[in-house]
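Fold and contact review
These are the residues of each chain, in order.
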Amino acid sequence: MQKTKQNKSGHQKAHQVNACHDDLYAITARYEAVLAAIPDIVMETDQNKVYVWANAAGIEFFGDDVIGKEPAYFFVGEQDTYNLVDPLFQGNEKVVYVESWQRRKDGQERLLAWWCRVMKNANGNVTGVLSTARDITDQYRAQIKLRESEDRIRKIMEVAPDAFYVTDINGTILDGNAAAEKIVGYKREALIGKNIFEANLLRPEDTTRIEALMAQEASGKPTGPDIFVIHRGDGAMITVELRGTPTIINNEEVVVCSMRDISEQKRLEQDLLDSNSQLNEALNNLRETQDQMLHNARLSALGQMAGGIAHDFNNILMPIVGLSNYLSSYSHALDNKEEALSMLKQIERAANDARNIVHNLRLIYKPTAIEPFERIDADALVTSALDMTSPKWKEERQAIGKPINTKLVATANRTLMGNETALRQALVNLILNAIDAMPESGTLTVSSRSDNEHVLLEITDTGIGMTEDCKIKCLEPFFSDKGVKGTGIGLAMVNIVVKQHNGTIEIDSESGKGTTVRIRLPADSKNKLPEAKPHLRQSKPASSRLRILVIDDEYLSCSLLSRLLRIDSHSVETASSGKEGIEKFKDDDFHLVFTDRSMPDMHGDDVAGIIKKLRPDVPIIMLTGFGDIMNEKGELPVSVDKVACKPVTLQDLRGLIAETIKSL
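The rules behind the values
Residues numbered from 1 in each chain as written. Predicted model: local features only at pLDDT ≥ 70, side-chain atom pairs only at ≥ 80, totals over all residues. Heavy atoms only, no water. Helix = DSSP H or I, 4+ residues; strand = E, 2+ residues; numbered from the N terminus. Buried < 20%, exposed > 50% of the residue type's maximum accessible area, 1.4 Å probe, protein only. Contact = heavy atoms within 4.5 Å. Areas by Shrake-Rupley, 256 points an atom, 1.4 Å probe, with all protein chains shown as cover. Patch = residues over 30% accessible without salt bridge, like charges linked within 9 Å, V, L, I, M, F, W, Y side chains within 5 Å. Salt bridge = Lys/Arg side-chain N within 4 Å of Asp/Glu carboxyl O. Expected span 1.5 Å × (residues − 1). Phe/Tyr/Trp six-rings, centres within 6.5 Å; stacked < 30°, edge-to-face > 60°.

**Here we look at the overall build of the protein**
When its secondary structure is counted, the protein shows 19 helices and 22 strands. Classification of the 664 residues of the protein by burial places 37% in the buried group. Within the protein, counting contacts between residues at least 6 apart in sequence, those at least 24 apart form 57% of the total. Accessible surface computed for the protein: about 39400 Å², of which carbon and sulfur atoms make up 53%.

Right, dumping it as structure tokens:
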């Protein structure tokens, strides 16, 4: 019985021992699992400073063969780590922190932070040291870069020409650079720790502005640039430009303030304002003087132009006035129809010359397009220009016994693209100028020749030549060296025509030795001679006889128009005012209306508007002295079908009627 109890007691003890072993195993497994899961390195050394255990992170770092090796095996360079942890092996129970460069299993050198603690048995004897390590290499290197960056920024700030202050959000000065000392005249040590309102820098009247800027910076918004006047340490007043940038340094909200001394800039700006004021005053005086000079120059130019035009118009009016007076005073002259017709043709020619002078004047103040271009035979062009001027250089000069010898050299054998009428007129003007330049006698040479991709047209005389001043100014409008005998528009008109043909004009002249005017024009790439032009047909009278109303307050214009229109058997009614014309239009059935524009009682635009409301189908032609100007500006009144310029010929009227009434 007693033996049975002993056996039973033995089984219970064995069971308890097994249970303890199981619990110990479970605890050990749990701790090993925890240690294995820790990302930090955990290493155990015995009392001989040899690794006897490592967790998974330790094996991963040092390698599978770390057990049995001393920690010093993995040291990089000489270290005093053993000296630092040696008190632990003597039984010191404090946690020792050390940083040590260690060689990882792949050879990389890494900085580990160690937390070391002594291990003792139940009897209190030292069995080893348990150490936990963390790789702080990246953190260490980041700190190094941060320190380098801070050092760099500090050096930059120290050499920067602008002042920099660092303040907290309440305005207390924390730091400053060398430029700040120089600009404000205070050592930084004297200002650090002071509030900006206590630093004797600001004027009292600027307090409110500064407080507003500080509030803005406290909300995280930058400020500036703002201009302030501050007190220097030596008592001087300077003007500075301030900017504030809120930021965080070492986890503290601060404001980096930049300050630039702009006193010199402000002084220069004020000097510039003063200089500008003086310059403006001088410019105003100069402008007044210039205006007076321009006024005098205009008067001189207008006087010269008026004298020249008066001279030309007097010459033109001579046959008009003289012959018309002769025909009206001696009626028997009309009996000789051939002689009377010759006189009338001279009058008509003189009137057309006056018309051309007006046209050339308009060409000077507003050049108009002369397209479309056509293919022109260069040799034929100079030949025709010389032929057209033969009465001037042949009959007229022979009559006064001062002949002009002419020479034609037409060897270009090229064509060019252009307006033949405009180019011929330009050559005619040059030929007439050359003749005038030989008041006694001389030789006139007209030539055309080829020069690579250009055609050269030249007019050469052996006359009096030009001075240097005349050569420079001769192409300017209204310049003339002929005194009151010149209008000053001939060469200017030639220059305009040449430019419109993408050409250039050159003048070779020497006083007393003659002049050569050379026109260089682009040659036609195809060089195809133009076909012979058919003779121009005169406009035919309209096949239908029209009932026409002519409204013009000028009696002579009204009478002339009615006479010309009646030649073609049109029935014409006239009115001397706009109101009269409207009343006559209401009482009759007209096919066409001619109206002037500028009339004293009613403007021609209004007359046309009323007529169009009465009869929208009746065409209206506005015939006015401003017709060419209106057409150039595209100024066509709403109710007018066509605008034409006075004076007009019978052929002009026929063309106008044909263009306006398409159905005729």
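Once the structure has been displayed, the description carries forward.
**With respect to unusual backbone geometry**
Omega for the bond connecting Gly224 with Pro225 falls within 30 degrees of zero, at 5°, which places this linkage in the cis form. For Pro225, the position within the fold is in strand S8 (residues 223-231). With omega at -5°, the peptide bond leading from Lys646 into Pro647 counts as cis. As for its position among the elements, Pro647 is in the loop between strand S22 (642-645) and helix H19 (650-660). The backbone phi angle of Asn452 is positive, close to 55°, even though this residue is not glycine. Relative to the elements of secondary structure, Asn452 occurs in the loop between strand S14 (442-451) and strand S15 (454-461). Residues other than glycine seldom take positive phi values, yet Ser569 does so here, at roughly 65°. For Ser569, the location among the structural elements is in the loop between helix H15 (555-567) and strand S19 (571-575). When its relative accessible area of 46% is taken as the criterion, Ser569 is described as partly exposed.

**Looking at the environment of Val382**
Within the secondary structure, Val382 sits in helix H10 (residues 378-388). When the C-alpha atoms of Val382 and Leu427 are compared, they prove to be 7.4 Å apart, with 45 residues separating the residues in sequence. Beyond its immediate sequence surroundings of up to four residues, Val382 is in contact with Leu408, Ala410, Leu427, Val446, Ser447, Ser448 and Leu457.

**Here we look at a nonpolar patch on the surface**
A contiguous nonpolar surface patch, about 290 Å² in accessible area, is contributed by Val95, Tyr97 and Trp115. Note that Tyr97 resides in strand S3 (residues 96-103).

**Re helix H7 (residues 207-218)**
Compared with an ideal rise of 1.5 Å per residue, which puts 12 residues at 16 Å, H7 spans 16 Å between its outermost C-alpha atoms and is within 8% of the ideal. The secondary structure elements touched by the buried residues of H7 are S8, strand S9 (237-249) and strand S10 (252-261). Positive backbone phi, at 95°, marks Gly220, one or two positions downstream of H7.

**Considerations on the pattern of salt bridges**
Counted under the stated rule, the structure contains 42 salt bridges. Its salt-bridge partner being Arg104, residue Asp106 comes within 2.8 Å of it at the nearest N-O pair. Because the salt bridges share partners, they merge into one network encompassing Arg449, Asp451, Glu458, Glu506, Asp508, Arg518 and Arg520.

**Structural notes on the packing of aromatic side chains**
On inspection of all chains with the given rule, the structure shows 10 aromatic pairs. Both rings, one in Tyr51 and one in Phe62, keep their centres 6.1 Å apart while their planes meet at 35°; by these two values the pair is tilted. One end of the pair, Tyr51, is in strand S2 (residues 51-54); the other, Phe62, is in helix H2 (residues 56-62), and 11 residues separate them in sequence. Comparing Tyr51 with Phe62, the two get one shared label, buried. Taking 6.5 Å as the distance between ring centres and 45° as the angle between the ring planes, the aromatic pair formed by Tyr51 and Phe74 counts as tilted.

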